[in-house]
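Structural overview
Chain by chain, the residues:
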Amino acid sequence: MAKKKTSSSMARSQLAALLISLCFLSLASNAVGWSRRGEREEEDERRRHGGEGGRPYHFGEESFRHWTRTRHGRFSVLERFPDEQVVGAAVGGYRVAVLEAAPRAFLQPSHYDADEVFYVKEGEGVIVLLREGRRESFCVREGDAMVIPAGAIVYSANTHSSKWFRVVMLLNPVSTPGHFEEYFPVGGDRPESFFSAFSDDVLQAAFNTRREELEKVFERQREGGEITTAPEEQIRELSKSCSRGGGGGSGSEWEIKPSSLTGKSPYFSNNHGKLFELTGDECRHLKKLDLQIGLANITRGSMIAPNYNTRATKLAVVLQGSGYFEMACPHVSGGGSSERREREREHGRRREEEQGEEEHGERGEKARRYHKVRAQVREGSVIVIPASHPATIVASEGESLAVVCFFVGANHDEKVFLAGRNSPLRQLDDPAKKLVFGGSAAREADRVLAAQPEQILLRGPHGRGSVSDM
(Lines give C-alpha, C1' and ligand atoms only; values in the text may rest on other atoms or scores of the structure.)
Protein backbone atom coordinates (compact mmCIF):
# COMPACT_ATOMS: atom_id res chain seq x y z
CA MET A 1 0.00 0.00 0.00
CA ALA A 2 2.85 2.38 0.85
CA LYS A 3 4.45 1.72 -2.52
CA LYS A 4 1.14 2.34 -4.28
CA LYS A 5 0.65 5.57 -2.33
CA THR A 6 4.15 6.67 -3.14
CA SER A 7 3.61 5.94 -6.83
CA SER A 8 0.32 7.83 -6.77
CA SER A 9 1.99 10.81 -5.10
CA MET A 10 4.75 10.80 -7.69
CA ALA A 11 2.20 10.70 -10.49
CA ARG A 12 0.35 13.66 -8.99
CA SER A 13 3.62 15.56 -8.62
CA GLN A 14 4.57 14.86 -12.22
CA LEU A 15 1.12 15.98 -13.40
CA ALA A 16 1.39 19.19 -11.38
CA ALA A 17 4.84 19.86 -12.81
CA LEU A 18 3.49 19.27 -16.32
CA LEU A 19 0.60 21.68 -15.74
CA ILE A 20 2.98 24.32 -14.39
CA SER A 21 5.23 23.87 -17.43
CA LEU A 22 2.27 24.23 -19.74
CA CYS A 23 1.24 27.41 -17.96
CA PHE A 24 4.71 28.86 -18.33
CA LEU A 25 4.76 27.88 -22.02
CA SER A 26 1.39 29.52 -22.52
CA LEU A 27 2.52 32.70 -20.79
CA ALA A 28 5.72 32.73 -22.81
CA SER A 29 3.77 32.18 -26.02
CA ASN A 30 1.40 35.01 -25.12
CA ALA A 31 4.36 37.24 -24.29
CA VAL A 32 5.92 36.48 -27.68
CA GLY A 33 2.57 37.05 -29.34
CA TRP A 34 2.07 40.37 -27.58
CA SER A 35 5.66 41.30 -28.41
CA ARG A 36 5.12 40.48 -32.09
CA ARG A 37 1.81 42.28 -32.04
CA GLY A 38 3.58 45.30 -30.56
CA GLU A 39 6.22 45.08 -33.26
CA ARG A 40 3.53 44.89 -35.93
CA GLU A 41 1.75 47.90 -34.43
CA GLU A 42 5.00 49.83 -34.32
CA GLU A 43 5.65 48.84 -37.94
CA ASP A 44 2.12 49.96 -38.90
CA GLU A 45 2.69 53.23 -37.06
CA ARG A 46 6.01 53.75 -38.85
CA ARG A 47 4.41 53.07 -42.22
CA ARG A 48 1.50 55.39 -41.51
CA HIS A 49 3.94 58.14 -40.64
CA GLY A 50 5.90 57.67 -43.84
CA GLY A 51 9.08 55.99 -42.67
CA GLU A 52 11.29 54.07 -45.07
CA GLY A 53 9.60 53.74 -48.44
CA GLY A 54 7.67 56.97 -47.98
CA ARG A 55 4.13 55.73 -48.78
CA PRO A 56 1.74 57.27 -49.54
CA TYR A 57 4.02 60.08 -50.73
CA HIS A 58 6.38 57.92 -52.81
CA PHE A 59 5.53 55.43 -55.57
CA GLY A 60 8.07 53.22 -57.30
CA GLU A 61 8.08 51.92 -60.85
CA GLU A 62 6.24 48.80 -59.65
CA SER A 63 3.18 50.97 -58.89
CA PHE A 64 2.50 51.47 -62.63
CA ARG A 65 0.11 49.18 -64.51
CA HIS A 66 0.22 48.52 -68.26
CA TRP A 67 -2.99 49.66 -69.93
CA THR A 68 -1.64 48.95 -73.40
CA ARG A 69 1.36 46.83 -74.28
CA THR A 70 2.53 45.66 -77.71
CA ARG A 71 5.96 45.07 -79.17
CA HIS A 72 5.74 48.58 -80.62
CA GLY A 73 5.10 50.40 -77.35
CA ARG A 74 3.24 50.63 -74.07
CA PHE A 75 1.03 52.97 -72.08
CA SER A 76 1.43 52.65 -68.29
CA VAL A 77 -0.70 54.36 -65.62
CA LEU A 78 0.22 54.92 -61.96
CA GLU A 79 -2.19 53.43 -59.46
CA ARG A 80 -4.71 55.87 -58.01
CA PHE A 81 -3.52 58.10 -55.22
CA PRO A 82 -4.95 57.24 -51.78
CA ASP A 83 -8.35 58.85 -51.25
CA GLU A 84 -7.74 59.68 -47.60
CA GLN A 85 -5.83 62.38 -45.76
CA VAL A 86 -3.91 65.17 -47.43
CA VAL A 87 -2.78 63.29 -50.58
CA GLY A 88 -6.28 62.36 -51.69
CA ALA A 89 -7.65 65.80 -50.94
CA ALA A 90 -4.97 67.51 -53.03
CA VAL A 91 -4.33 65.21 -56.00
CA GLY A 92 -6.72 62.27 -55.64
CA GLY A 93 -8.52 63.26 -58.83
CA TYR A 94 -5.38 63.21 -61.00
CA ARG A 95 -3.49 60.36 -62.67
CA VAL A 96 0.14 60.03 -63.76
CA ALA A 97 0.97 58.03 -66.90
CA VAL A 98 3.93 57.20 -69.15
CA LEU A 99 3.80 56.58 -72.91
CA GLU A 100 6.65 54.75 -74.66
CA ALA A 101 6.64 54.28 -78.44
CA ALA A 102 9.22 52.34 -80.45
CA PRO A 103 10.89 53.84 -83.55
CA ARG A 104 8.26 54.50 -86.29
CA ALA A 105 5.42 53.48 -83.97
CA PHE A 106 1.94 54.86 -84.73
CA LEU A 107 -0.75 55.46 -82.09
CA GLN A 108 -4.33 55.03 -83.25
CA PRO A 109 -6.75 58.02 -83.11
CA SER A 110 -8.55 58.32 -79.78
CA HIS A 111 -9.72 60.81 -77.19
CA TYR A 112 -9.61 60.91 -73.38
CA ASP A 113 -12.26 62.21 -71.01
CA ALA A 114 -9.38 64.03 -69.33
CA ASP A 115 -7.16 67.04 -69.90
CA GLU A 116 -3.62 65.91 -70.64
CA VAL A 117 -0.46 67.78 -69.70
CA PHE A 118 2.65 66.06 -70.97
CA TYR A 119 6.42 66.41 -71.00
CA VAL A 120 8.63 64.74 -73.64
CA LYS A 121 11.25 62.82 -71.72
CA GLU A 122 13.08 61.39 -74.72
CA GLY A 123 12.97 61.29 -78.52
CA GLU A 124 10.82 63.12 -81.04
CA GLY A 125 7.44 62.71 -82.63
CA VAL A 126 4.44 64.20 -84.38
CA ILE A 127 1.14 64.82 -82.56
CA VAL A 128 -2.03 65.59 -84.52
CA LEU A 129 -5.16 67.07 -82.90
CA LEU A 130 -8.62 67.04 -84.51
CA ARG A 131 -10.74 69.66 -82.76
CA GLU A 132 -12.95 72.67 -83.39
CA GLY A 133 -13.37 71.73 -87.04
CA ARG A 134 -9.67 71.72 -87.94
CA ARG A 135 -6.54 69.59 -87.88
CA GLU A 136 -3.44 70.76 -85.98
CA SER A 137 -0.13 68.94 -86.41
CA PHE A 138 2.82 69.56 -84.08
CA CYS A 139 6.45 68.46 -84.05
CA VAL A 140 7.57 67.70 -80.49
CA ARG A 141 10.96 66.74 -79.11
CA GLU A 142 12.77 66.10 -75.85
CA GLY A 143 12.22 68.91 -73.36
CA ASP A 144 8.83 69.99 -74.76
CA ALA A 145 5.67 70.40 -72.71
CA MET A 146 2.14 70.66 -74.08
CA VAL A 147 -1.53 70.67 -73.05
CA ILE A 148 -4.15 68.60 -74.88
CA PRO A 149 -7.73 69.51 -73.90
CA ALA A 150 -10.16 66.77 -72.92
CA GLY A 151 -12.15 65.40 -75.85
CA ALA A 152 -9.68 66.30 -78.60
CA ILE A 153 -9.13 63.38 -80.99
CA VAL A 154 -5.40 62.72 -81.12
CA TYR A 155 -3.11 60.46 -83.12
CA SER A 156 0.67 60.47 -83.01
CA ALA A 157 3.83 58.78 -84.23
CA ASN A 158 7.47 58.37 -83.29
CA THR A 159 9.27 60.03 -86.19
CA HIS A 160 12.76 58.79 -85.27
CA SER A 161 14.20 55.74 -87.01
CA SER A 162 16.15 54.39 -84.02
CA LYS A 163 15.20 56.17 -80.76
CA TRP A 164 12.19 55.50 -78.55
CA PHE A 165 9.69 58.29 -77.95
CA ARG A 166 8.91 58.61 -74.21
CA VAL A 167 6.38 60.97 -72.65
CA VAL A 168 5.40 61.62 -69.02
CA MET A 169 1.89 62.96 -68.54
CA LEU A 170 -0.51 64.23 -65.91
CA LEU A 171 -4.18 63.50 -66.60
CA ASN A 172 -7.03 65.53 -65.13
CA PRO A 173 -10.26 63.51 -65.58
CA VAL A 174 -13.34 65.61 -66.32
CA SER A 175 -16.07 63.01 -65.71
CA THR A 176 -15.08 61.07 -62.59
CA PRO A 177 -12.20 62.26 -60.37
CA GLY A 178 -9.31 59.81 -60.51
CA HIS A 179 -10.86 57.77 -63.34
CA PHE A 180 -10.49 58.28 -67.08
CA GLU A 181 -11.20 56.32 -70.24
CA GLU A 182 -9.83 56.28 -73.77
CA TYR A 183 -12.27 56.18 -76.70
CA PHE A 184 -11.39 54.81 -80.15
CA PRO A 185 -13.56 55.73 -83.16
CA VAL A 186 -11.88 53.12 -85.38
CA GLY A 187 -11.16 49.62 -84.16
CA GLY A 188 -11.65 45.91 -84.35
CA ASP A 189 -11.33 43.35 -81.59
CA ARG A 190 -8.64 45.36 -79.79
CA PRO A 191 -9.22 48.21 -79.52
CA GLU A 192 -12.94 48.12 -80.12
CA SER A 193 -14.60 51.03 -81.88
CA PHE A 194 -17.09 52.87 -79.69
CA PHE A 195 -19.40 52.96 -82.72
CA SER A 196 -19.97 49.24 -82.16
CA ALA A 197 -22.14 50.14 -79.16
CA PHE A 198 -24.68 51.95 -81.36
CA SER A 199 -27.54 50.28 -83.17
CA ASP A 200 -27.32 49.76 -86.94
CA ASP A 201 -30.32 52.01 -87.57
CA VAL A 202 -28.74 54.91 -85.71
CA LEU A 203 -25.38 54.57 -87.48
CA GLN A 204 -26.91 54.21 -90.94
CA ALA A 205 -29.02 57.30 -90.37
CA ALA A 206 -26.13 59.31 -88.85
CA PHE A 207 -23.66 58.56 -91.66
CA ASN A 208 -26.24 58.07 -94.44
CA THR A 209 -24.41 54.85 -95.29
CA ARG A 210 -25.27 51.15 -95.34
CA ARG A 211 -24.25 48.99 -92.39
CA GLU A 212 -21.86 46.83 -94.44
CA GLU A 213 -19.84 49.85 -95.52
CA LEU A 214 -19.76 51.23 -91.98
CA GLU A 215 -18.37 47.96 -90.66
CA LYS A 216 -15.58 48.01 -93.23
CA VAL A 217 -14.55 51.52 -92.16
CA PHE A 218 -15.00 51.61 -88.39
CA GLU A 219 -14.70 47.99 -87.26
CA ARG A 220 -12.05 46.57 -89.57
CA GLN A 221 -8.65 47.53 -88.22
CA ARG A 222 -5.43 45.82 -89.19
CA GLU A 223 -3.81 43.63 -86.56
CA GLY A 224 -1.41 45.20 -84.08
CA GLY A 225 -3.63 46.89 -81.51
CA GLU A 226 -3.60 50.45 -80.24
CA ILE A 227 0.11 50.96 -80.96
CA THR A 228 1.32 49.72 -84.35
CA THR A 229 4.26 50.39 -86.67
CA ALA A 230 4.17 52.49 -89.84
CA PRO A 231 6.26 52.38 -93.02
CA GLU A 232 9.00 54.99 -93.16
CA GLU A 233 7.41 56.84 -96.09
CA GLN A 234 4.16 57.28 -94.16
CA ILE A 235 6.06 58.64 -91.16
CA ARG A 236 7.74 61.14 -93.47
CA GLU A 237 4.35 62.20 -94.85
CA LEU A 238 3.01 62.73 -91.31
CA SER A 239 6.06 64.83 -90.43
CA LYS A 240 5.77 67.13 -93.45
CA SER A 241 2.76 69.02 -92.17
CA CYS A 242 3.81 69.35 -88.52
CA SER A 243 4.98 72.66 -87.02
CA ARG A 244 6.01 74.15 -83.69
CA GLY A 245 2.81 76.23 -83.53
CA GLY A 246 2.71 79.99 -83.25
CA GLY A 247 0.64 80.58 -86.34
CA GLY A 248 -1.14 83.52 -84.72
CA GLY A 249 -4.56 84.65 -85.81
CA SER A 250 -7.61 85.37 -83.71
CA GLY A 251 -7.61 83.77 -80.30
CA SER A 252 -3.89 83.00 -80.54
CA GLU A 253 -3.41 83.35 -76.78
CA TRP A 254 -5.43 80.12 -76.43
CA GLU A 255 -3.55 78.40 -79.21
CA ILE A 256 -2.44 74.84 -78.54
CA LYS A 257 1.30 74.47 -79.14
CA PRO A 258 4.35 72.80 -77.59
CA SER A 259 6.65 74.86 -75.38
CA SER A 260 10.27 73.92 -74.78
CA LEU A 261 11.34 73.98 -71.13
CA THR A 262 14.98 73.20 -71.84
CA GLY A 263 15.09 75.58 -74.82
CA LYS A 264 14.42 78.60 -72.63
CA SER A 265 16.68 80.18 -70.04
CA PRO A 266 16.45 78.53 -66.60
CA TYR A 267 14.85 80.67 -63.93
CA PHE A 268 17.73 79.65 -61.65
CA SER A 269 21.10 77.98 -62.20
CA ASN A 270 24.45 77.54 -60.48
CA ASN A 271 27.14 74.87 -60.18
CA HIS A 272 24.63 72.56 -58.49
CA GLY A 273 22.08 72.45 -61.30
CA LYS A 274 19.37 74.25 -63.25
CA LEU A 275 15.66 74.87 -62.71
CA PHE A 276 13.17 75.51 -65.53
CA GLU A 277 9.45 76.27 -65.39
CA LEU A 278 6.43 76.85 -67.61
CA THR A 279 3.80 78.96 -65.87
CA GLY A 280 0.20 79.88 -66.54
CA ASP A 281 1.32 83.33 -67.67
CA GLU A 282 3.21 81.67 -70.56
CA CYS A 283 0.59 79.00 -71.31
CA ARG A 284 -3.03 80.06 -70.82
CA HIS A 285 -4.24 76.46 -70.89
CA LEU A 286 -2.08 75.70 -67.84
CA LYS A 287 -3.54 78.71 -66.05
CA LYS A 288 -7.06 77.55 -66.86
CA LEU A 289 -6.24 74.15 -65.33
CA ASP A 290 -4.50 75.78 -62.32
CA LEU A 291 -1.28 73.93 -63.18
CA GLN A 292 2.40 74.61 -63.73
CA ILE A 293 5.27 72.47 -65.04
CA GLY A 294 8.83 72.55 -63.76
CA LEU A 295 12.06 70.71 -64.53
CA ALA A 296 14.93 70.29 -62.07
CA ASN A 297 18.35 69.13 -63.24
CA ILE A 298 20.33 68.54 -60.04
CA THR A 299 24.08 67.95 -60.35
CA ARG A 300 25.38 64.79 -58.70
CA GLY A 301 26.05 65.24 -55.00
CA SER A 302 23.84 68.35 -54.88
CA MET A 303 20.41 69.08 -53.44
CA ILE A 304 17.46 71.45 -53.55
CA ALA A 305 17.34 73.55 -50.39
CA PRO A 306 14.52 72.53 -48.01
CA ASN A 307 11.47 74.34 -49.33
CA TYR A 308 7.71 74.33 -49.62
CA ASN A 309 5.01 75.64 -51.95
CA THR A 310 2.44 77.94 -50.41
CA ARG A 311 -0.53 76.62 -52.40
CA ALA A 312 0.53 74.00 -54.92
CA THR A 313 0.94 70.27 -54.38
CA LYS A 314 3.94 68.98 -56.29
CA LEU A 315 3.84 65.73 -58.28
CA ALA A 316 7.46 64.95 -59.13
CA VAL A 317 8.47 62.22 -61.61
CA VAL A 318 12.11 61.15 -61.76
CA LEU A 319 13.28 61.14 -65.38
CA GLN A 320 16.89 60.12 -64.88
CA GLY A 321 19.40 59.38 -62.14
CA SER A 322 18.97 58.46 -58.49
CA GLY A 323 18.95 59.97 -55.02
CA TYR A 324 16.46 60.41 -52.20
CA PHE A 325 13.89 62.81 -50.84
CA GLU A 326 12.93 63.81 -47.32
CA MET A 327 9.83 65.63 -46.10
CA ALA A 328 8.47 66.85 -42.77
CA CYS A 329 4.90 65.62 -42.44
CA PRO A 330 2.38 66.26 -39.63
CA HIS A 331 -0.21 63.93 -41.12
CA VAL A 332 -1.00 60.29 -40.45
CA SER A 333 -1.49 58.53 -43.76
CA GLY A 334 -4.08 55.91 -44.64
CA GLY A 335 -3.81 52.89 -46.91
CA GLY A 336 -4.61 49.20 -47.06
CA SER A 337 -8.00 47.64 -46.47
CA SER A 338 -10.86 49.40 -44.69
CA GLU A 339 -10.58 46.86 -41.88
CA ARG A 340 -6.89 47.64 -41.43
CA ARG A 341 -7.55 51.36 -41.56
CA GLU A 342 -10.20 50.98 -38.85
CA ARG A 343 -7.73 49.02 -36.69
CA GLU A 344 -5.17 51.77 -37.24
CA ARG A 345 -7.66 54.48 -36.27
CA GLU A 346 -8.62 52.57 -33.12
CA HIS A 347 -4.95 52.03 -32.30
CA GLY A 348 -4.35 55.75 -32.78
CA ARG A 349 -7.24 56.63 -30.46
CA ARG A 350 -5.88 54.31 -27.76
CA ARG A 351 -2.40 55.78 -28.06
CA GLU A 352 -3.76 59.31 -27.84
CA GLU A 353 -5.76 58.49 -24.72
CA GLU A 354 -2.74 56.83 -23.10
CA GLN A 355 -0.39 59.71 -23.87
CA GLY A 356 -2.61 62.20 -22.08
CA GLU A 357 -0.68 65.17 -20.81
CA GLU A 358 2.41 64.10 -22.77
CA GLU A 359 0.66 64.69 -26.09
CA HIS A 360 -1.61 67.56 -25.03
CA GLY A 361 -1.06 70.81 -23.23
CA GLU A 362 -2.91 71.99 -20.16
CA ARG A 363 -5.77 73.29 -22.30
CA GLY A 364 -5.96 70.19 -24.47
CA GLU A 365 -4.03 71.51 -27.50
CA LYS A 366 -2.60 68.94 -29.89
CA ALA A 367 1.19 68.77 -29.59
CA ARG A 368 3.09 69.80 -32.72
CA ARG A 369 4.90 66.70 -33.94
CA TYR A 370 6.40 66.04 -37.35
CA HIS A 371 7.39 62.76 -38.95
CA LYS A 372 10.20 62.26 -41.41
CA VAL A 373 9.05 60.82 -44.72
CA ARG A 374 12.01 59.49 -46.67
CA ALA A 375 12.51 57.31 -49.74
CA GLN A 376 15.18 56.42 -52.24
CA VAL A 377 14.23 57.56 -55.74
CA ARG A 378 15.34 56.51 -59.21
CA GLU A 379 14.08 56.68 -62.78
CA GLY A 380 10.30 56.12 -62.76
CA SER A 381 9.74 57.13 -59.12
CA VAL A 382 6.82 59.46 -58.35
CA ILE A 383 6.83 61.78 -55.32
CA VAL A 384 3.86 63.68 -53.87
CA ILE A 385 4.75 66.80 -51.83
CA PRO A 386 1.63 68.55 -50.49
CA ALA A 387 1.41 72.31 -50.13
CA SER A 388 3.28 73.80 -47.14
CA HIS A 389 5.17 70.54 -46.48
CA PRO A 390 8.92 71.31 -46.17
CA ALA A 391 10.88 68.89 -48.37
CA THR A 392 14.16 68.38 -50.18
CA ILE A 393 15.45 66.22 -53.03
CA VAL A 394 19.08 65.07 -53.03
CA ALA A 395 21.01 63.70 -56.02
CA SER A 396 23.26 60.71 -55.42
CA GLU A 397 27.02 61.14 -55.38
CA GLY A 398 27.39 59.00 -58.50
CA GLU A 399 24.93 60.57 -60.97
CA SER A 400 22.88 63.68 -61.60
CA LEU A 401 19.14 63.72 -61.05
CA ALA A 402 16.49 64.99 -63.50
CA VAL A 403 12.94 65.51 -62.19
CA VAL A 404 9.86 66.88 -63.95
CA CYS A 405 7.29 68.44 -61.62
CA PHE A 406 3.58 69.04 -62.12
CA PHE A 407 2.29 71.69 -59.69
CA VAL A 408 -1.42 71.24 -58.89
CA GLY A 409 -3.13 74.38 -57.62
CA ALA A 410 -0.36 76.59 -58.97
CA ASN A 411 -2.23 79.85 -59.52
CA HIS A 412 -1.01 82.39 -56.94
CA ASP A 413 1.52 79.85 -55.60
CA GLU A 414 4.90 80.87 -54.21
CA LYS A 415 8.03 78.85 -53.47
CA VAL A 416 9.63 79.35 -50.06
CA PHE A 417 13.24 78.20 -49.56
CA LEU A 418 14.07 77.68 -45.90
CA ALA A 419 17.87 77.51 -46.01
CA GLY A 420 20.39 79.56 -47.92
CA ARG A 421 20.82 83.16 -48.90
CA ASN A 422 17.13 83.69 -49.72
CA SER A 423 15.68 82.07 -46.58
CA PRO A 424 12.90 84.18 -45.02
CA LEU A 425 14.31 83.26 -41.61
CA ARG A 426 17.13 85.69 -42.34
CA GLN A 427 14.54 88.48 -42.35
CA LEU A 428 13.69 88.11 -38.65
CA ASP A 429 14.27 91.42 -36.88
CA ASP A 430 16.39 91.62 -33.72
CA PRO A 431 13.53 91.76 -31.17
CA ALA A 432 11.92 88.69 -32.79
CA LYS A 433 15.24 86.79 -32.79
CA LYS A 434 15.65 87.39 -29.07
CA LEU A 435 12.12 86.17 -28.40
CA VAL A 436 12.38 83.16 -30.71
CA PHE A 437 15.91 81.95 -29.98
CA GLY A 438 16.51 83.51 -26.58
CA GLY A 439 18.66 86.53 -25.93
CA SER A 440 21.91 84.61 -25.48
CA ALA A 441 21.40 82.50 -28.62
CA ALA A 442 20.35 85.30 -30.97
CA ARG A 443 23.89 85.94 -32.21
CA GLU A 444 24.49 82.21 -32.69
CA ALA A 445 21.25 82.08 -34.72
CA ASP A 446 22.58 84.89 -36.91
CA ARG A 447 25.74 82.89 -37.60
CA VAL A 448 23.78 79.71 -38.39
CA LEU A 449 21.33 81.44 -40.73
CA ALA A 450 24.15 83.25 -42.54
CA ALA A 451 26.48 80.24 -42.82
CA GLN A 452 25.09 79.06 -46.19
CA PRO A 453 26.34 81.48 -48.89
CA GLU A 454 24.35 79.84 -51.74
CA GLN A 455 20.64 79.56 -52.43
CA ILE A 456 18.01 77.20 -53.91
CA LEU A 457 20.48 74.59 -55.24
CA LEU A 458 23.14 73.63 -52.70
CA ARG A 459 25.98 71.20 -52.14
CA GLY A 460 24.49 67.97 -50.77
CA PRO A 461 25.28 66.14 -47.55
CA HIS A 462 27.63 63.63 -49.22
CA GLY A 463 31.23 63.98 -48.15
CA ARG A 464 30.58 66.45 -45.33
CA GLY A 465 31.62 63.87 -42.74
CA SER A 466 28.61 64.48 -40.50
CA VAL A 467 25.79 62.83 -42.36
CA SER A 468 23.48 60.96 -40.02
CA ASP A 469 20.62 58.54 -40.54
CA MET A 470 21.76 57.62 -44.05
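Residues numbered from 1 in each chain as written. Predicted model: local features only at pLDDT ≥ 70, side-chain atom pairs only at ≥ 80, totals over all residues. Heavy atoms only, no water.

The name given to the chain in an unreviewed UniProt entry is Cupin type-1 domain-containing protein, with Oryza nivara as the source organism. UniProt lists a comment for the chain under the heading Sequence similarities (unreviewed entry), and it reads "Belongs to the 7S seed storage protein family." Reading the Subcellular location (unreviewed entry) entry of the UniProt record for the chain gives the comment "Secreted". (UniProt positions renumbered as here; feature names shortened; annotations may be inferred.)

With antiparallel pairing, the seven strands of this open sheet are ordered in space as β3-β4-β5-β12-β7-β10-β15. Pairing within the sheet leaves two strands with one partner each, and these edge strands are β3 (64-70) and β15 (259-260). (Pairing = 2+ DSSP bridges. Helix = DSSP H or I, 4+ residues; strand = E, 2+ residues; numbered from the N terminus.)

One pass over the structure, following the stated rule, counts three cavities of 30 Å³ or more. By volume, the largest cavity amounts to about 350 Å³. Looking at the lining of the largest cavity, the elements that each hand over two or more residues are β6 (105-112), β7 (114-122), β11 (153-158) and β12 (165-173). Top contributing element to the lining of the largest cavity by residue count: β6, with five residues. (1 Å grid on protein atoms, 1.4 Å probe; cavity = no way out; pocket = protein on both sides within 12 Å on 5 of 7 lines; lining within 4 Å. Points joined across faces, edges and corners; volume = space filled by probe spheres on them.)

Turning our eyes to something else, we now look at the packing of helix α3 (residues 200-207) against helix α4 (residues 211-218). In the contact formed by α3 and α4, the axes pass within 10 Å of each other and the chain directions differ by 85°. Looking at the two axes, α3 sits roughly perpendicular to α4. On the side of α3, the interface is formed by D200, L203, Q204 and F207, while α4 contributes R211, L214 and F218. Looking at the contact of α3 with α4 residue by residue, the classes come out as four nonpolar, one polar and two charged. (Axes fitted to C-alpha atoms, helices over the stretch in contact; angles between N-to-C directions. Parallel < 35°, antiparallel > 145°, perpendicular 65-115°, else oblique. Contact = heavy atoms within 4.5 Å. Nonpolar A, V, L, I, M, F, W, Y, C, P; charged D, E, K, R; others polar.)

Moving on, we get to the confidence of the model for the chain. Confidence along the chain averages 83 in pLDDT terms, with 76% of residues attaining 70 or more. A low-confidence stretch, residues 31-51 stays under pLDDT 50, and its non-local contacts, those more than four residues away or across chains, total 27 contacts. For residues 465-470, every residue scores under 50 in pLDDT, and the model assigns this stretch seven contacts once sequence neighbours within four places are set aside. (pLDDT = per-residue confidence, 0-100.)

To continue, consider the pattern of salt bridges. Pairing of side chains with opposite charge becomes possible as their charged atoms draw close. Inspection of every chain in the model, using the stated rule, returns 20 salt bridges. Taking the shortest distance from any N to any O, the salt bridge between E212 and R211 comes out at 3.7 Å. Residue R211 is classed as partly exposed on the basis of its relative accessible area, which comes to 31%. For E232, the salt bridge identified is with R236, shortest N-O distance 3.6 Å. Placement of both E232 and R236 in helix α5 (residues 232-240) is noted, with a separation of four residues, approximately one turn of the helix. Note on R236: relative accessible area 48%, which makes it partly exposed. When salt bridges with common partners are traced through the structure, they connect D200, R210, R211, E212 and E215 into a single cluster. (Salt bridge = Lys/Arg side-chain N within 4 Å of Asp/Glu carboxyl O. Buried < 20%, exposed > 50% of the residue type's maximum accessible area, 1.4 Å probe, protein only.)

The residue R104 is not glycine, and still its phi comes out positive at about 65°. On the secondary structure map, R104 appears in the loop between β5 (95-101) and β6. Residues other than glycine seldom take positive phi values, yet S388 does so here, at roughly 70°.

Before going further, it helps to spend a moment on the packing of helix α8 (residues 430-437) against helix α9 (residues 442-450). Remark: α8 packs on α9, axes separated minimally by 9 Å, with the N-to-C direction vectors making an angle of 105°. Judged on the interaxial angle alone, α9 and α8 are roughly perpendicular. Side by side, α8 and α9 meet where K433, K434 and F437 of the first sit next to A442, A445 and D446 of the second. Counted by class, the contact of α8 with α9 contains three nonpolar, no polar and three charged residues.

Core analysis: the biggest nonpolar cluster contains 67 residues, and F81, I293, F325, V404 and F406 have the highest contact counts within it. Broken down by element, this core gets its largest block of residues, eight residues, from strand β26 (residues 401-408). No fewer than three residues from each of domain 1 (56-185 + 221-252) and domain 2 (260-330 + 369-457) sit in this core. Within the second largest apolar cluster, 26 residues are counted, among which are L99, V120, I127 and I227. (Core = buried A, V, L, I, M, F, W, Y, C linked by side-chain atoms within 4.5 Å. Domains from an automatic or database assignment.)

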